[in-house]
Amino acid sequence: RYDGARRFNSAGSPGIDVTGAGRGCNQATGSFEVLQATPDLSTLWMTYEQHCEGGPRATFGEIRINVVGDPDVSLLASRVDWPAKEVGATGLTLPVRVLNTSGTTTTVAAPTVSGDDFSLRSTDCAPSLAAGASCAVYVRFAPTTAGPRTGSLLVTLADGPHEVPLAGTGIGGDTLWHMVSEPGDYIGQGRTWDYGVDDEIVAVGTGSHVGVRVGDWHADFEAPDGPLLPGTYDGAVRYPFNDAGEPGLDVSGNGRGCNKLGGTFTVEEATYDEGGAVTALRVTFDQRCENGTAALRGEIAWHATASDAPYPPSPPTDPTDPTDPTDPTDPTDPTEPPDYSSRIVAPREAVYGQRITVQVVSNAPAGTTTTLFSVLPNGYRSAVATGVLARNHRLVTSIPAVATTQLHAVVGTSPSSRSRVVVSSRITQRVTKSLRREGPYFAVRPGTGGRVIASLEPRTASGCQKLELSFRIGGRWSTPSATRCVLTSTSHAIALALTGRNLVGVRLRVRASFRPDRASATARVTSRWTLVHLVAR
């Protein structure tokens, strides 16, 4: 699978460009997966997804050229991959067409759909399908959980059952656009505006600038120098007319915009992929059109995980002011240290080995010494980062996710609130002695030493690991059976031996799961299914 593909790709990165009928993208991003291919491309099976100009809607599909095993009566889509969609959004329904090229009439049984978040919406297939005719089955994907989702469509024809694997991804986090316009504000017209996951909010940007749009509304945020990172940007002027060293801001829409403006914005969260494209964003802003007194305030989030509102910064202090209570040379300073309010901004979940960004946000003055601590379930406490608050009253650091932990900080001498990060173990599966790939299946000859091996990280995970096994029988997967749960103190890897020559032709699937005990520092996790086809050669 090739993620992060784009038009005009650089060396070492995947490229994508789907065009036709005189239409093409100036900028294209997406992904594709090659399921089967020969070196000369005389045989090719692949799926793809492309987004033009960074838009939310995709061109996606499947390409099959001389794929072995294509029947006379076929489902034109042998695999359906939906574009990633926000959790809670209205689902997308797609047709899967059945085409009869056999020359004789065939029967079509009622189709069925399995898998969480996939559903059968309707079908125009009659019990019989004439030679050369086609019909369609309509399947919907509506994610209720973040992460990869899988299912299958089963259509039984005269020559037997036909299965189409279904796949989609739910995008978690917050996606919203909320604005409150004060009376007299020209842009918002003195009213409240709200948009959500069904309104196709999209964010595009690399480097110092990120633009967000929904419907007729546009918002632009630009850092004065360097990349747009978490922090508060005061003294913003209208983008793109801001000079070097000035932050840029512009929220406009519905045919209304400012000739000039002043304002401020705070980036609560901003993450980027390896190519520099924005992957998550949360910004709050205060804009004054024509530098007036009426404000347009709001919050924009796109695939964001941090949801707490920012703390207001403390007013600046003057170290030369003899009445300044924070001046250490002032004999009238109180004997008690100042009590600051601080909080932790961190992801709620992570996978073992992943690096996570943690922010300490405080109303303490810039330059205040701050230490971030991690407390494990066994009570062990360690300092994981030390520094001083930046001008935006934050300490931003990156730490590895190695165990479920409670994070807290000490700012000056004041403790912060706590934030819990649940860390899941990582399971990797591999198949040994595989002869080849047959689409999603690993082809293995039984009795030649082939095994499905599941390995768990970290090796110190406390609990047990087991394998689940299911067979393809009559076009359906059987109820999974499970091995005994092997203690991780005995082995961090378990394996299923693919033996028995009488099993040639059998299709099966295997997945592993980890069940932590009370002493475990990582959470429960289940791997994806690994598909195996036992073949004679």
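Being a predicted model, the structure only gives us computed values, none of them experimental.

Visitor: Can you walk me through the sheet that holds strand β21 (residues 231-238) in this structure?
Guide: What holds strands together in a sheet is hydrogen bonding between their backbones, with the strands either parallel or antiparallel. In spatial order, the strands read β17-β16-β25-β24-β23-β21-β22-β20-β19-β18; together these ten strands make up an open sheet with mixed pairing. A strand with exactly one partner marks an edge of an open sheet, and here the two such strands are β17 (192-195) and β18 (202-206). In this sheet, neighbouring strand axes are inclined to one another by 20° on average, regardless of whether the strands run parallel or antiparallel.

Visitor: Just checking my understanding: could you explain the side chain of Q359 for this structure?
Guide: Within the secondary structure layout, Q359 lies in strand β28 (residues 355-362). A distance of 3.0 Å separates a polar side-chain atom of Q359 from the backbone oxygen of E268. Within the structure, Q359 has its side chain in polar contact with the side chain of R394 (distance 2.7 Å). The residues contacting Q359, other than those within four sequence positions of it, are P230, E268, R343, I344, V345, R394, L395 and V396.

Visitor: Please explain the sheet that holds strand β35 (residues 426-431) as it appears in this structure.
Guide: Judged by pairing direction, the sheet is antiparallel, and its three strands sit side by side in the order β35-β38-β43 without closing on themselves. Edge positions in the open sheet fall to β35 and β43 (493-497), since each of these has one partner strand only. Taking the axes of each pair of neighbouring strands and ignoring which way they run, one obtains an average angle of 15° across the sheet. Sheet topology note: the strand β38 (residues 451-457)/β43 ladder contains five bridges and is antiparallel. Looking at β43, one finds that A454 is bridged to I494.

Visitor: In this structure, what is going on with unusual backbone geometry? I would like to understand it.
Guide: For residues that are not glycine, phi is negative in most cases, and the peptide bond is trans in most cases. Following Y239, the chain continues into P240 via a peptide bond in cis, with omega recorded as 5°. In this fold, P240 is placed in the loop between β21 and β22 (248-253). With a phi angle near 75°, D117 is a residue other than glycine that sits in the positive phi range. Relative to the elements of secondary structure, D117 occurs in the loop between β10 (112-114) and β11 (118-123). By relative accessible area, D117 is classed as buried at 15%. Positioned with a positive phi, Q189 is a non-glycine residue whose angle comes to about 55°. Looking at where Q189 falls in the secondary structure, it is placed in the loop between β16 (174-181) and β17. For Q189, a relative accessible area of 47% corresponds to the partly exposed category.

Criteria and thresholds
- Residues numbered from 1 in each chain as written.
- Predicted model: local features only at pLDDT ≥ 70, side-chain atom pairs only at ≥ 80, totals over all residues.
- Heavy atoms only, no water.
- Pairing = 2+ DSSP bridges.
- Helix = DSSP H or I, 4+ residues; strand = E, 2+ residues; numbered from the N terminus.
- Axes fitted to C-alpha atoms, helices over the stretch in contact; angles between N-to-C directions.
- Polar contact = N/O pair within 3.5 Å; in protein donor to acceptor, adjacent residues only side chain to side chain.
- Contact = heavy atoms within 4.5 Å.
- Buried < 20%, exposed > 50% of the residue type's maximum accessible area, 1.4 Å probe, protein only.

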